[in-house]
Amino acid sequence: MITVTINGKEIKLEKAVTVLEAARSAGIKIPTLCWHEQLEKYGGCRLCLVEVEKMPRLQTACTLMVADGMIIRTETDTIAEVRRGVLEFLLINHPLDCPYCDKAGECELQDLVEKYGLTKGRFREQKRKVPEALEDPVLVRNMERCIVCTRCVRMCEGVQGASAISVINRGGHSHIEPFSGGRFDCEYCGNCVSVCPVGAIMSRLHRHSYRPWQLGSETKTVCPYCGVGCTVVVQVRDDIIKRVVPKLGTVVNNGLLCSRGRFGYEFVGNKERLTTPLIRKNGLLEPSTWEEAIRLIASRLSEIKDKHGSNAIAGIASPRCTNEDNYVFQKFMRVAVGTNNIDSTARTGFAGAQGFIENIFGQGATGNIISGLANSDAVFVIGGDPTTINPILGLQIRACSRRGGNILTVGHMKGLRYYTPLELRPSVNTEIALLEGIVSALMKKKGPPGSHPVLEARLKDLNAQEADLPRICGIQGKDFSRFIDTLAEAATPSFVIGKDMIQSKGGSYGLFLVSAINYIVNGRIYLLSERANEQGLLDMGCAPDLFPGYRPITYPEFRKRYENAWKTGLPDKPGLTIFEMMEAAKAGALKCIYVMGENPVFNLPHTKDVEAGLKNLSFLVVQDIFLTETAKMADVVLPALSWAEKDGTFTNMERRIQLVKKAVHREGMEDWKILSEISSNMGVRMNYSDAEEIFGEICRVSPLHRDLNYEEIEKGDAIYPYKGEPLRGSTDEIHIEKSAGREERGKLYLRVERPLFHSGTLSRKAPALVNICPEAVARISPATAAALSLKDGDIVRASSKTGALELPVAVDEAIDDSAVMLSNNFQGKGAFSLMEYEIDPVTKAPCLDSNQIILEKVNR
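Everything quoted here is computed from the prediction, not taken from an experiment.

### A few points about helix H8 (residues 323-337)
No. 1: Under the 1.5 Å per step criterion, the end-to-end length of H8 is 20 Å for 15 residues, consistent within 8% with the ideal 21 Å.
No. 2: Immediately beyond the C-terminal end of H8, within one or two residues, lies Gly338, with a positive phi of roughly 90°.

### Digging into the side chain of Thr219
No. 1: By the secondary structure assignment, Thr219 is in strand E10 (residues 217-222).
No. 2: If sequence neighbours within four positions are ignored, Thr219 has contacts with Val232, Val233, Val234, Lys661, Lys662 and Ala663.

### Quick notes on the domain arrangement of the protein
No. 1: According to the domain assignment, the protein contains domain 1 (2-75), domain 2 (123-267), domain 3 (278-344 + 542-723), domain 4 (350-527) and domain 5 (749-857).
No. 2: Between domain 2 and domain 5, the C-alpha centre-to-centre distance is 31 Å.
No. 3: Buried surface at the junction of domain 2 and domain 5, both sides included, amounts to about 1,100 Å², of which 72% is carbon and sulfur.
No. 4: Contact with domain 5 buries area across many residues of domain 2, yet Tyr225, Arg260 and Phe267 alone supply 41% of it, more than any other trio.
No. 5: Counting across the domain 2 and domain 5 interface gives zero salt bridges.
No. 6: Applying the counting criterion to the domain 2 and domain 5 interface returns four residue pairs in polar contact (both at pLDDT 80 or more).
No. 7: Across the side of domain 2 that touches domain 5, the residue classes break down as eight nonpolar, two polar and four charged.

### Details of the nonpolar core
No. 1: Counting residues in hydrophobic clusters, the biggest one holds 140 residues, and the most contacted among them are Leu109, Leu393 and Ile593.
No. 2: Tallying contributions element by element places helix H20 (residues 578-587) first for this core, with six residues.
No. 3: Setting aside chain neighbours within four positions, we find Leu393 in contact with Val228, Ile370, Leu373, Pro386, Val496, Tyr526, Leu528 and Met653.
No. 4: Judged by nonpolar contacts, the second largest core, of 115 residues, contains Leu442, Val521, Ile525 and Tyr550.

### Describing the side chain of Thr348
No. 1: Secondary-structure assignment places Thr348 in the loop between strand E16 (342-343) and helix H9 (350-361).
No. 2: A distance of 2.9 Å separates a polar atom in the side chain of Thr348 from a polar atom in the side chain of Lys499.
No. 3: Setting aside anything within four residues of it in sequence, one finds Thr348 in contact with Lys499, Gln503, Phe579, Asn603, Leu604, Ala845 and Pro846.

### Some points on a negative patch on the surface
No. 1: On the surface, a cluster of negative charge is contributed by Asp647, Asp690, Glu692 and Glu693.
No. 2: As for its position among the elements, Glu693 is in helix H24 (residues 691-701).

### Topic: the packing of aromatic side chains
No. 1: What the rule picks out here adds up to 16 aromatic pairs.
No. 2: With centroids separated by 5.1 Å and ring planes inclined at 35°, the aromatic side chains of Phe380 and Phe495 adopt a geometry described as tilted. One end of the pair, Phe380, is in strand E17 (residues 378-382); the other, Phe495, is in strand E20 (residues 493-497), with 115 residues separating them in the sequence.
No. 3: Assessed through its relative accessible area of 0%, Phe495 is described here as buried.
No. 4: For the ring pair Tyr555 and Phe558, a centre distance of 5.6 Å and an interplane angle of 25° mean the geometry is stacked.
No. 5: The partly exposed category is assigned to Tyr555, whose relative accessible area is 42%.
No. 6: A network of ring pairs unites the aromatic residues Tyr327, Phe547, Tyr562 and Trp566 as a single cluster.

### Some thoughts on the pairing of strand E24 (residues 592-596)
No. 1: The buried count for E24 comes to five of five residues, which makes it a mostly enclosed element.
No. 2: With burial as the criterion, each face of E24 is covered, one bearing Cys592, Tyr594 and Met596 and the other bearing Ile593 and Val595.
No. 3: Both strand E15 (residues 313-316) and E24 contribute to a ladder of four bridges, which runs parallel. Among the inter-strand pairings, Ile316 is bridged to a residue of E24, identified as Val595.
No. 4: Here E24 pairs with strand E25 (residues 619-624) via five bridges, running parallel. Paired with Val595 across the strands is Val622, a residue of E25.

### Some thoughts on unusual backbone geometry
No. 1: The residue after Tyr720, namely Pro721, is reached through a cis peptide bond having omega 5°.
No. 2: Looking at where Pro721 falls in the secondary structure, it is placed in the loop between helix H25 (710-715) and strand E29 (748-753).
No. 3: One non-glycine residue, Tyr550, adopts positive backbone phi at about 70°.
No. 4: On the basis of relative accessible area, Tyr550 is assigned to the buried category, the value being 9%.
No. 5: Of note in the backbone geometry, Lys567 takes a positive phi value of approximately 55° without being a glycine.

### A closer look at the sheet that holds strand E11 (residues 231-237)
No. 1: One open sheet holds the three strands; their spatial order is E10-E11-E12, and the pairing between them is antiparallel. Only two strands of the sheet have a single partner each, and these edge strands are E10 and strand E12 (240-246). Averaged over all pairs of adjacent strands, the angle between their axes in this sheet comes to 30°, without regard to strand direction.

Basis of the calculations
Residues numbered from 1 in each chain as written. Predicted model: local features only at pLDDT ≥ 70, side-chain atom pairs only at ≥ 80, totals over all residues. Heavy atoms only, no water. Helix = DSSP H or I, 4+ residues; strand = E, 2+ residues; numbered from the N terminus. Expected span 1.5 Å × (residues − 1). Contact = heavy atoms within 4.5 Å. Domains from an automatic or database assignment. Buried area = accessible area lost by both parts, 1.4 Å probe. Salt bridge = Lys/Arg side-chain N within 4 Å of Asp/Glu carboxyl O. Polar contact = N/O pair within 3.5 Å; in protein donor to acceptor, adjacent residues only side chain to side chain. Nonpolar A, V, L, I, M, F, W, Y, C, P; charged D, E, K, R; others polar. Core = buried A, V, L, I, M, F, W, Y, C linked by side-chain atoms within 4.5 Å. Buried < 20%, exposed > 50% of the residue type's maximum accessible area, 1.4 Å probe, protein only. Patch = residues over 30% accessible without salt bridge, like charges linked within 9 Å, V, L, I, M, F, W, Y side chains within 5 Å. Areas by Shrake-Rupley, 256 points an atom, 1.4 Å probe, with all protein chains shown as cover. Lys, Arg positive; Asp, Glu negative; His and termini not counted. Charge placed at Lys NZ, Arg CZ, Asp CG, Glu CD. Phe/Tyr/Trp six-rings, centres within 6.5 Å; stacked < 30°, edge-to-face > 60°. Pairing = 2+ DSSP bridges. Axes fitted to C-alpha atoms, helices over the stretch in contact; angles between N-to-C directions.

What follows is the structure in structure tokens.
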């Protein structure tokens, strides 16, 4: 125990900390400008100077460690005089434009000048003049205000890991600007904005539109984009979101955000939002009333159910909707409609992969704490770049590297390129052979652990030869050996798996091999998740074979539990997956699909097939916030409320349940409310007053969520396995599909790009994100560009078996010579429109890696 005295107050400490931290723990404020709790100690601004007895001169509180018996004073006449002098120096160049500056009211320099009473400066030199920089789409820089505290530089380099901003020149000529000069060449996370103590770097989105004291409300909620589930604070004025900022001290993201989370909120107030129900009349969607739309849906569903049976109807749930919305949706489909035809776009990768891995290791095997990645001594990454798919998770991998951990990647991960000492980059469609080689090498080096006989029985026939890998996979033998040695020596390894692994030919076999590697080295598995509530909708039972809490519908004892809770009989046969729904619709067996918060026309591969299936339906209902490609085909369109306009919960990829809170008001109904009204019109009453009441029912019905409530979630205690009853144990049998894709030399293969600045189709309604990344491009390697006589900006016609698109070219050194990367975000330019697929019989996920594409230059 260490005892120190600060300003006459005795403070007891468990361990040695800085004087600044000791003072903060006792509620004593010491002024700082360069110090920030997310950054390393710096000691540059000298404002935190304090007096320490028996030390001859003032000491910086942010760097001085406490010692037992220390007596410290933080506010004396001498200290105040020194601080006034420091502020006087800072104001030599800092402009006195507080009435104009957007930082006024939350400027740390302004607050300190107010406190220490600096009235006028003695320096008469000309102030530094730097033009305001508006080159960046989401940031504005005014470096006249910069005090060179280097917070932004240290955040960008030491925490974000982008190293996009730097101190240029020396001494009095020092200033901060993008490392690239001019516009930032960066990830536009905006974390430099969060730490800037003055108005030097600010967001353009709310420029000159409000003052901090004019905000009407601040609402703590959860980011609506990816599965990390970052905590954000939504700041509102006049029922308009003015700013979204992170919150320090939160468990998931601790004050950090990515570009989507910080700048992607504008879709909420987009003028294209649906405001009234639409009904198709004479071939056109016409405005209607809620009463007419709800009555029509209820009568048509009842009619189809009576004429063709309940299984002629299917429902598609949404990973962007809350747990409460999805719970009511699956209950509506099972109780009011009477079908298990319930699925979601989680079927494109996450659902099948999680089911497969948990089948081997038991439920909860993928529910690992994100911050644990930073504490791993090795992180194995395969199937996608985590820094673009789940950026805040990607920062934990970068932090692992900075702490001395090894990052091992299969394939090139651009966002980890400066953090990857060990990279194996196999030739196209040879990942399976490489994984077999890794398993065989680890088995020889470490031997089987002996705790999972079923898994080990599957590995007995595996005998890949290390000597063959350079020829098969195009890798160096010495690189492979280092890779194996590093992985074998790791004490706390982690495995990060992306969709590219799951969506490859023989994806279930690839997952099996990664699981085997994880088993041999005793690691933890993380599944990348592209949507905010992908985990939650599965927890809620939005799957054709599972009730809420992952109870199989085919088990009579489980089914009886839900029948008793919902007071009705339930179908006992598994329903259709989302891909089977499209096939059944095309064949005429499915007559109606109800889509909640999803856009299958754009978000499923083979767009023409999906369109053909939906056109063949007798009745299509879409419930969404925009008139999406799918909504344009619907017979009835219902306007829903967005994430910021309703209460509920999300469950993130580590299975942490968090509260989503209403921040702005909008006329309309929540998704669960719409479903309740339709259900009541079908004779099945669902009387809920609010989202909290629905969650109460979830906790009574789902064994996994037993005894949870909003109060515990608010405290941050709702982390898996909660207080519930997860299904324990692993399987007696592991099913795999061993087929693998084959590369034809000289051919180009289409790959899905998952860009940092976009997520699904939602982000294209956020102008700030569109300004950063405005259009779809075909990314190709320099070798491919040279072979086709292409350069950046050239227009090409990209053709496959399913269609063709005209796109600009972007030449990227990170792209494989046999690959063409195209995102699936921009209207009319999605990669899925050019892709066919086969279904992996085990995971039920689509295999997308065998789509050949032809590029032809378009001369204009």
